[in-house]
Amino acid sequence: MQGHDNNGFVNDSPSIPGQFRWSTKIGNVGSPENGLRGKEQSNGRDDGSLATQVVGTSSTASLDNSTGRDQWGKGIEFLMSCIAMSVGLGNVWRFPFIALENGGGAFVIPYIIVLLLVGKPVYYMEMIIGQFSSRGSVKIYDCAPIMRGVGYGQIFSVIALITYYSSLMSIILSYMFDSFRSPLPWAHCRPEWGPNCLDAAAKAASDGSVNDNNNTNILSSSEFYFKRVVLKEISSIDNGIGLPDWQLTLFLCLSWSIVLLTLIKGVKSAGKASYFLALFPYVVMAILLVRACTLPGAVNGIVYFLKPQWDKILEPKVWYAAVTQCFFSLSICFGNIIMYSSYNKFRHNVSRDATIVTSIDTLTSLLAGCTIFGILGHLAHVVGTDEVGTVVKPGAGLAFISYPEAIAKFDVVPQVFSVMFFLMLFVLGIGSNVAMTSCVMTVIRDQFPKVKNWHAASVIAICGVALGSVYVTPGGQYILTLVDHFGASFIALVLAIAELFAIGWIYGVDRFCKDVEFMLGTRPNIYWRLCWRWITPALMTAILIYNLATLEPLTYQGYIYPSIAYDLGWCIAALGLLQLPIWAIYSIVKQDGKTLTEKIMKTFRPLQNWGPIEPALNLEYKKFVNED
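Everything numeric in this text was worked out from a predicted model, so none of it was measured.

**Q** Tell me about helix H7 (residues 267-293), and please be specific about residues and values.
**A** The first and last C-alpha atoms of H7 sit 39 Å apart over 27 residues, in line with the 39 Å expected at 1.5 Å per residue. Of all the bends found along H7, the most pronounced is centred on Ala 273 and spans about 40 degrees.

See the structure below:
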């Protein structure tokens, strides 16, 4: 019969594997460096675990590889992987435009406030619970089985992201390979584009309305190239989305092949690749920033980007933009951070890493903004306008229209700068894609331990190519916008609140802080406790309410989707959100108990095996919680 002990654990397993002899008194938890206070016994080795440093303890079991779970080769590999994951395409093409649209330099103030109240606390929380439990984004809900659907819902959202993220990689690869051609293929108009095309390589214009598509039918050759040559985009999807483009499909396969090779040995190979994935984009960004600052008009562009618009700082939509940008830029509440930290050694200093990654992410966004707008300032200069905003395209258009157009106007070897830019984007994208794919792999391997890394990676890559081919059709961008809105953004906000509620309230901040004290030897201060319990959940809930209150029909470049598309979108959202009640009901049904109330109450308590995954540490943890 299943029961629970006085610590709130659900007794669903008879015992923890392994036989251990413990002393009658165990010392207090010390610092991460010293393990337990008092006399230490390491049996001739120091593997960094608390269980090998117990007073008077003699263990017949070895903790080395006792769980069969992979670990990072070095702590720096974990840090580099987190940087490669969090610093991605959103920092380069989303942050600059969002900041410009929501107050310029003034946007940095709400963004930093949101970073301190949402970004850092959630990032640190996910690092802690992943490292403490050595479980993936689904298994960590052994701490609150009623909420296991949060993990499955987040995996569903990550899968939706993976399917279209790889298609963006294929477009970037297409541009990168075309960048070797001289002249650049988007620099000049083609006869079939008609008289409304203006060469992107033109050094001047009679007015500053080259990119003002609302007031003129004139489009630059870079925009024609993106829509007609690369995407082969259709004007609507009323008659279907068409067949996949063969060139983009090949680049899609190449993109997934690189992800597969990176993950062929799990975190062992991903950790080695993380050095390049994390550091190389900064080398390119630094070169591009130096070049941008030497261009005529660059200073005007940077000033335009950073100039504060104080009248916007009190607008709710600006704070909404700050929260969503911070949320998606750091990749919090998607399961990726939990997954990466689950491969850490038990006492790794995640507090330091969380501070480093969140700070670097913000600085990278500002650096990328200065770089991008420096070059766009030059673009505005050569077309003869003082308004940098008229040459900016939002979202992907910034990367595939505005920036290529600016490069086409470079006097000296524009091909070199074009290759560097798109290679940087590709490396940034691969780093994020590797993290998302690893998250799905971890869930699979946690559920089926006998599955090898390369087996899981191969299946995901094949499915990724099959699903990603939808987005490289002439109507692919319409589907991408639909899936991003319903399958990623909307679901992610709801599940983020559910995750914060599960850890902060059901599992409990007090219990969570005890876990941190056991693992790191220090108890989180009041700042972390207030954020985890009150401030962060409240802000995220307010953002969700604001999102629902201001909800408008989804459109793509003014195109209103047919009813069937909206129905499909809401089905995608429902499929992700229904994971919450489905797995809650499953958890209740699987519980032992005489009454339904008893079954339900048990699903709110941690499972008996909750805690460090290593058997000796798990037993020590139970003793620590009991004594406390």
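On we go from here.
**Q** Just give me the short version of the packing of aromatic side chains, but keep the residues and values in it.
**A** According to the stated counting rule, one finds 49 aromatic pairs in the structure shown. Each ring, one from Trp 193 and one from Phe 224, has its centre 5.6 Å from the other, and the planes form 10 degrees; the classification is stacked. Taken together, the residues span a long stretch of sequence, with Trp 193 in the loop between helix H4 (148-178) and strand S5 (197-198) and Phe 224 in helix H5 (residues 221-230) at a distance of 31 residues. Considered together, Trp 193 and Phe 224 belong to a single accessibility category, that of buried residues. Between Phe 421 and Phe 422, the aromatic rings sit 5.2 Å apart at their centres with planes inclined by 75 degrees, giving edge-to-face as the arrangement. Taken as a pair, Phe 421 and Phe 422 share a single burial class, namely buried. Connected via pairs of aromatic rings, a cluster forms that spans Trp 93, Tyr 175, Trp 186, Tyr 225, Phe 226, Phe 400, Tyr 403, Phe 421 and Phe 422.

**Q** Break down the packing of H4 against helix H15 (residues 476-520) for me, with residues and values.
**A** Relative to each other, H4 and H15 sit at 150 degrees, their axes nearing to 9 Å. If you check the angle between H4 and H15, you find them roughly antiparallel. In the crossing of H4 with H15, the sense of the turn from one axis to the other is left-handed. For the pair formed by H4 and H15, the contact residues are Val 150, Gly 153, Gln 154, Phe 156, Ser 157, Ala 160, Leu 161, Tyr 164, Ser 167, Leu 168 and Ile 171 on the first element and Gln 477, Leu 480, Val 483, Asp 484, Gly 487, Ala 488, Ile 491, Leu 495, Ala 498 and Glu 499 on the second. Taken together, the residues of the contact of H4 with H15 sort by class into 13 nonpolar, six polar and two charged.

**Q** Now, about the pattern of salt bridges: what can you tell me, with residues and values included?
**A** This model, assessed by the stated rule, comprises twelve salt bridges. As a salt-bridge pair, Lys 227 and Glu 223 come within 3.3 Å of each other at their nearest N and O atoms. Separated by four residues within a single helix, Lys 227 and Glu 223 lie in helix H5, roughly one turn from each other. Judged by relative accessible area, Lys 227 falls into the partly exposed class, the value being 22%. A relative accessible area of 4% places Glu 223 in the buried class.

Scoring rules and cut-offs
Residues numbered from 1 in each chain as written. Predicted model: local features only at pLDDT ≥ 70, side-chain atom pairs only at ≥ 80, totals over all residues. Heavy atoms only, no water. Helix = DSSP H or I, 4+ residues; strand = E, 2+ residues; numbered from the N terminus. Expected span 1.5 Å × (residues − 1). Bend = angle between axes of the 7 residues up to and from the residue. Phe/Tyr/Trp six-rings, centres within 6.5 Å; stacked < 30°, edge-to-face > 60°. Buried < 20%, exposed > 50% of the residue type's maximum accessible area, 1.4 Å probe, protein only. Axes fitted to C-alpha atoms, helices over the stretch in contact; angles between N-to-C directions. Parallel < 35°, antiparallel > 145°, perpendicular 65-115°, else oblique. Left-handed = near helix turned anticlockwise from the far one by under 90°. Contact = heavy atoms within 4.5 Å. Nonpolar A, V, L, I, M, F, W, Y, C, P; charged D, E, K, R; others polar. Salt bridge = Lys/Arg side-chain N within 4 Å of Asp/Glu carboxyl O.

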